[in-house]
Each structure stands twice: as C-alpha cells, then as structure tokens.
Amino acid sequence: MHLPHPTSIRRRPLLDTHSRRHALTLIAALHVAVALVCVSAASAGTSPTKTRVTVIGDSVMASFDYVPAARRYLGRGLDLRSDAVVCRRLVAASCAFQGATPTTALDLIGATGRALGPVVVINVGYNDWTAVYDVDRVMRALRAAHVHTVIWVTLRATTSNYAGSNARIRDAARRWKSLVVADWNAYSKGKPWFREDGLHLTSSGAFGLAHLLRPLVLTGL
C-alpha cells in the first residue's frame, strides 16, 4: 500500500497565544455562570426569616407554657416568644408572688418595643379588676412599638369582674382596627379544659387555646 508522504498530510493549525487566552477566558466565564446558578438554586431552597410573634400573659397563659406540644403547635413556622408569669397585671402594679413582683404588661411592652414583632397576643387580666383594666392605654403603647395586630384573649367570665373586663376588650375593639378579639370565654364554654379553679389550663385546655389562637395569629401576619 502506498502511504502518503508525511509532509502531504494536512495538519490542524495550532491556536495562537491570543486565541488560547480567549478560549480560557470563555471557559472561566462558564464556570462562574454555573457557580452562580448553583448558588441561586441553593438560596431558593433556604427558608425565609420567621416572623416574631410575642405572647404576653399571666399565670393562666403560663400554664400553656407547661405543655410544649401545644406551644409548638401555636409557634409552628413562627418565631414565637412567650412572657407569661404569675401575678402579672395589665397596667396597675402587679401583685407579688413568692417574693417577686413581675412587670406589668404595659411596662413589658415599653421595655421591649419593636422587638415584640408585628403580632402580639395579650392574655392578661385574672389578677386585675375592671376599674383599672385600661385596654386603650396598652393599645397606645403597642402602636408606639409598631405592632400592627393585637390579638386580645377574653377572660373566662367566672366572676362579674372578669365579665366587666371582657366588656372593655370588646369596646376597645370598636375603636382600634388593629385589635382582634379571641373570645376564649365563648370558645371554652362547657369544655373540660380547666383545673379546679376553672381558670388554669389542663393539657387539653392548652391545646384548645392554641387552636383558637393559631388561625388568628396567621391571619394577623
């Protein structure tokens, strides 16, 4: 067989220095583009920052904190903070318990400010009396803290005093568009959710309260 002379074979021309640099630049740009796509995809999969929701309560609300599953249910997908303590009052000086006197709801709001978040739940009043249950004063403080939705839990009306405080809550809701009434008194009526005093919650009562509050909180967001 006759083989062609080596000099007769057409060789592919080698890239000059300029062309090679151009090719390398294109390859590098391609790598950067792929990396950016990967970062974007990863970012799309990350969860957004959770919205802060603050619960302010007295001993009745504190009994809810002793049932972690109910608290987890209420706080699912949220940055839920709860400050519920025995003997707290709304505006008037709180009563003392075991040598300690808690801050009032009003003082707590003033001290916390914007860190409360956009939604606040108020469940305070079982240590109060109607004459000093000043809902409007608390609402003004919440507005100053840039809270845009206040979910106010009515009290179990086992006394005329608690019924009077509930009336104040409902009256205030007519003046404040940001105030949403969570009617715990009506929602819990006839339910076996309470301890001997008819106020503090059992485990089932904590879940009952969580089920009342969660849709209101989510709507408030």
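For the structure itself, look to the data block above.
Residues numbered from 1 in each chain as written. Predicted model: local features only at pLDDT ≥ 70, side-chain atom pairs only at ≥ 80, totals over all residues. Heavy atoms only, no water.

Visitor: I would appreciate a short explanation of the packing of aromatic side chains in the present structure.
Guide: Applying the stated criterion to the full structure yields six aromatic pairs. Ring centres 5.9 Å apart and planes at 65 degrees place the aromatic pair Trp-184 and Phe-194 in the edge-to-face group. Of the two residues, Trp-184 sits in helix H7 (residues 184–187) while Phe-194 sits in the loop between H7 and helix H8 (203–220), which places them 10 residues apart along the sequence. A relative accessible area of 1% places Trp-184 in the buried class. We classify Phe-194 as buried; its relative accessible area is 13%. It is Arg-156 that lies over the ring of Phe-194; its NZ or CZ is 3.9 Å from the centre. The lysine or arginine in question, Arg-214, covers the ring of Tyr-73, its NZ or CZ lying 5.8 Å from the ring centre. (Phe/Tyr/Trp six-rings, centres within 6.5 Å; stacked < 30°, edge-to-face > 60°. Helix = DSSP H or I, 4+ residues; strand = E, 2+ residues; numbered from the N terminus. Buried < 20%, exposed > 50% of the residue type's maximum accessible area, 1.4 Å probe, protein only. Lys NZ or Arg CZ within 6 Å of the ring centre and 35° of its normal.)

Visitor: Would you explain the side chain of Asn-123 in this entry?
Guide: Mapped onto the fold, Asn-123 is located in strand S3 (residues 119–123). On the basis of relative accessibility, which here comes to 2%, the residue Asn-123 falls in the buried class.

Visitor: How should the side chain of Thr-130 be read in this particular structure?
Guide: In this structure, Thr-130 sits in the loop between S3 and helix H5 (135–144). Side-chain polar atoms of Thr-130 contact the backbone oxygen of Asn-161, separated by 2.7 Å. With sequence-adjacent residues up to four places away left out, Thr-130 is seen in contact with Asn-161, Gly-164, Ser-165 and Arg-168. (Polar contact = N/O pair within 3.5 Å; in protein donor to acceptor, adjacent residues only side chain to side chain. Contact = heavy atoms within 4.5 Å.)

Visitor: Would you take a moment to explain helix H4 (residues 105–112) for this structure?
Guide: One turn of the α-helix equals 3.6 residues, which is why residues spaced by three or four share an orientation. Those residues of H4 lying buried are Ala-105, Leu-106, Leu-108 and Ile-109. For H4, the arc enclosing every buried residue in end-on projection is 165 degrees, short of the 170-degree limit, so these residues lie on one face. Those residues of H4 that are exposed and aimed more than 90 degrees away from the buried face are Gly-110 and Ala-111. Tucked inside the fold, the buried residues of H4 contact strand S1 (52–57), strand S2 (79–84), S3 and H5. One or two residues past the end of H4 sits Gly-113, with phi positive at roughly 60 degrees. (Arc of directions from axis to C-beta.)

Everything listed here is a matter of geometry and, on its own, says nothing about what the molecule does.
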